[in-house]
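Observations on the three-dimensional arrangement
Listed below are the residues making up each chain.
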Amino acid sequence: RRIATTCSNRISPPRRRAPDLAFSCRTASSASIKANFCSRARDEAPYLRWCFHRSLNERRLCSSAADSSLVKRGTVGEDTAMARNIDEGSADIAGAIIAAEAAPSDWHVYFELGCAYLNHEMFSEAVAPFERARELDDSQVGTHLNLSAALTNSGDGRAGEDAARAAIALDPASGAYFWLGNALRQQGQPEAAAAMFRKHLEMDPLDTMARCNLGLALGHAGHHQDALAEFQTVLLHQPHDWKALDGASIALRKLGDYEGAISMLRRACDVDDTDTEVWLALGFCLMRTERFTEALAAFEHLLAIDSHHVKGNYNQIATLINLGRASDAVEHAERVLGLGPQHSKVATLLEIARKSVSAQLGRLSDDGNWFWDGQMWRSAMSEDGEWRWDGREWQRP
């Protein structure tokens, strides 16, 4: 009996990287926090100062020009900030909090604090500093853009839309249509989002990130062929773009082209072999094309990254059953059920696997010379040659 596998219900690539989500923190110049945040910052300041100075002693600060992890979207003010991309101790955040304490009425320091949080993808924490910066000076386009990014990626697309529209009102050419598209997509308005991404691409046709987001929006709207065309346009110039490869695989799966999706997913794995959702999708597509051994390898790779992955474990066990390895499936299912209630659906597979094991017990091989004892193939002839297994019981020849 063939067991159906489950694929991720993700409708966009899973990772929320800084280039995808935040207006370039290096091209603008300020940050801010609300009163309650200021109080917390004062309480934490001694420890944060210690982290900050320790990190400064351990690593040299590098200039913002050397920070390749952020995609610049335009110029909003001068690029005067030093890149504090020091992970240990979050020295950039510590330094920004200290600066905000020292100059509570300077919009610039609050902007920098918000940018420091965005650098670490701490979107909810970034909202208050940008809101404070906006209160102090609402004429700064960069503040509205970064606030839109922080709000949208914190789950408040409506407020993110308002911030993006405020930036457009100040400067239509600031890149804000990109962020407006993101905010609309977050609210479940893919058609409107696609229109904003297209408007942005009219001004910046080489923006591959915007083109990928356009592809995702088109896919969410059900225009999978058009979505695929956008991803292929990106891959034509940047064949190793992970987001385009993953997006193209989603479009191809929706179009029923599993072989094409497999090709894109393998390329995506070559770019980054640590993304569990890509391995899950690859295993699913291989199962759909009945390449069970390859599918099992994909699920095993996924579980090597995250041994508790719910769909990864479920699909591995289903694949073992489809490969006729019911005993292995029973063993894995019993172990997975012990990992927690989130794996409860595996119980159904365990029952199927146990029935399969029972059905296979004593089964003769095609040539009639071997029988299956539940774990291995054994000779159908007894050692003394006086008895032979007929598939149900031992008989004298």
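This report concerns the structure included in the present document. Here, residues in each chain are numbered from 1, in the same order as that chain's written sequence. Only residues with pLDDT of at least 70 get local features here, since the model is predicted, and only at 80 or more are side-chain atom pairs given and counted; chain-wide, interface and lining totals rely on the full set of residues. As a rule here, side-chain values come from all non-hydrogen atoms in the structure, and water together with hydrogens is ignored.

1. A few points about the overall build of the protein chain
The condition is simple: Secondary structure is summarised from DSSP: a helix means a run of H or I of at least four residues, a strand means a run of E of at least two, and numbering begins at the N terminus for each. Any two residues having at least one pair of non-hydrogen atoms within 4.5 Å are treated as being in contact. Accessible areas in this description were obtained via Shrake-Rupley with a 1.4 Å probe; residue shielding takes into account the shown protein chains only.
When its secondary structure is counted, the protein chain shows 18 helices and 6 strands. Put simply, 58% of the contacts in the protein chain that link residues at least 6 apart link residues at least 24 apart. When the accessible surface of the protein chain is split by element, carbon and sulfur atoms take 50% of a total near 18,800 Å².

2. Things to note about the pattern of salt bridges
Test applied: Any carboxyl oxygen of Asp or Glu that lies within 4 Å of a side-chain nitrogen of Lys or Arg is treated as forming a salt bridge with it. When a residue's accessible area, from a 1.4 Å probe over protein chains only, is under 20% of the maximum for its type it is buried; when over 50% it is exposed; and in between it is partly exposed.
Scanning the model with the defined rule gives 11 salt bridges in all. Residue Arg158 is joined to Asp162 by a salt bridge in which the shortest nitrogen-to-oxygen separation is 2.7 Å. One end of the pair, Arg158, and the other, Asp162, are both in helix α7 (residues 157–170), 4 residues apart, so they sit about a helical turn from each other. Judged by its relative accessible area of 45%, Arg158 is partly exposed. Of the charged contacts, one joins Arg291 and Glu294 as a salt bridge, the two residues approaching to 3.3 Å between their closest N and O atoms. One network of salt bridges, in which partners are shared, links Arg158, Glu161, Asp162 and Arg165.

3. Some details on the environment of Leu151
Here Leu151 lies in helix α6 (residues 141–153). C-alpha of Leu151 to C-alpha of Phe123: the two residues are 28 residues apart in sequence and 7.1 Å apart in space.

4. A closer look at unusual backbone geometry
A positive phi is found at Glu121, a non-glycine position, where the angle reads about 55°. With respect to the helices and strands, the residue Glu121 is situated in the loop between α4 (107–119) and α5 (123–136). Take Glu121: its relative accessible area is 33%, and that puts it in the partly exposed class. In this model, Glu290 sits at a positive phi of 60°, which is unusual for a non-glycine residue. Within the secondary structure layout, Glu290 lies in the loop between α14 (276–288) and α15 (292–305). Residue classification places Glu290 among the exposed residues on the basis of a relative accessible area of 51%.

5. So, the packing of helix α12 (residues 242–254) against helix α13 (residues 258–271)
Helix packing geometry: the angle between the two helix axes and the distance between the axes. To be explicit about the condition: Axis lines are fitted through C-alpha atoms, for helices just across the contact stretch, and the angle between N-to-C directions can take any value from 0 to 180 degrees. Roughly parallel refers to an angle under 35 degrees, roughly antiparallel to one over 145, roughly perpendicular to one between 65 and 115, and oblique to any angle outside these ranges. Crossing handedness is read from the near helix: turned anticlockwise from the far helix by less than a right angle, it gives a left-handed crossing, and turned clockwise, a right-handed one. Residues are grouped as follows: nonpolar covers Ala, Val, Leu, Ile, Met, Phe, Trp, Tyr, Cys and Pro; charged covers Asp, Glu, Lys and Arg; every other residue, Gly included, is treated as polar.
Contact pair α12 / α13: the axes reach a minimum separation of 8 Å and the direction vectors enclose 160°. When the axis of α12 is compared with that of α13, the two are roughly antiparallel. Here α12 and α13 pass one another in a crossing that is left-handed. In this structure, α12 uses Trp242, Leu245, Asp246, Ala248, Ser249, Leu252 and Arg253 to contact α13, whose residues at the interface are Tyr258, Gly260, Ala261, Met264, Leu265, Arg267, Ala268 and Val271. Class assignment of the residues belonging to the contact of α12 with α13 gives a composition of 10 nonpolar, 2 polar and 3 charged.

6. A closer look at the nonpolar core
Across soluble globular proteins, nonpolar side chains have a tendency to be buried as a group. Defined as follows: Only buried Ala, Val, Leu, Ile, Met, Phe, Trp, Tyr and Cys residues count toward a nonpolar core, and they belong to the same one when joined by side-chain atoms within 4.5 Å.
Counting 57 residues, the largest nonpolar core has Leu180, Phe231, Leu282 and Cys285 as its most contacted members. Ranked by residue count, the leading element in this core is α14, at 9 residues. Leave out the neighbours within four places in its chain, and Leu282 touches Ile262, Leu265, Arg266, Cys269 and Ala298. Listed in part, the 22 residues of the second largest apolar core include Ala96, Val109, Tyr110 and Ala133.

7. Some remarks on α13
The periodicity of an α-helix, 3.6 residues per turn, causes residues three or four places apart in sequence to face the same way. The condition that has to hold: Expected helix span is taken as 1.5 Å per residue step, with the number of steps being one fewer than the number of residues.
Between its first and last C-alpha atoms α13 spans 20 Å; for 14 residues at 1.5 Å apiece the expected length is 20 Å, and the two agree. When α13 is considered as a whole, its buried residues turn out to be Tyr258, Gly260, Ala261, Ile262, Met264, Leu265, Ala268 and Cys269.

8. Here we look at the packing of aromatic side chains
To be explicit about the condition: Each aromatic pair joins two rings of Phe, Tyr and Trp (for Trp, the six-membered one) with centres within 6.5 Å, and gets the label stacked for planes under 30 degrees apart, edge-to-face for over 60, and tilted for any other angle.
Taken as a whole, this structure holds 5 aromatic pairs when the rule is applied. Judged by centre distance (5.5 Å) and plane angle (70°), the rings of Phe111 and Phe130 are edge-to-face. Taken together, the residues span a long stretch of sequence, with Phe111 in helix α4 and Phe130 in helix α5 at a distance of 19 residues. Residue Phe111 shares its accessibility class with Phe130, and that shared class is buried. Ring geometry for Phe178 against Trp179: centres 4.6 Å apart, planes inclined by 85°, an arrangement best described as edge-to-face.

9. Description of helix α8 (residues 176–186)
Along α8, 10 of the 11 residues are buried, which leaves the element largely enclosed by surrounding structure. At the exit of α8 stands Gly188, carrying a positive phi of roughly 80°.

10. Remarks on the packing of α4 against α6
Interaxial distance between α4 and α6 falls to 11 Å at its minimum, and their mutual angle equals 35°. As for how α4 packs across α6, the hand of that crossing is left-handed. Contact with α4, carried on its side by Trp107, Phe111, Cys115 and Leu118, involves Gly142, Thr143, Asn146 and Ala150 of α6 and no other residues of that element. Residues of the contact of α4 with α6, tallied by class, amount to 5 nonpolar, 3 polar and no charged.

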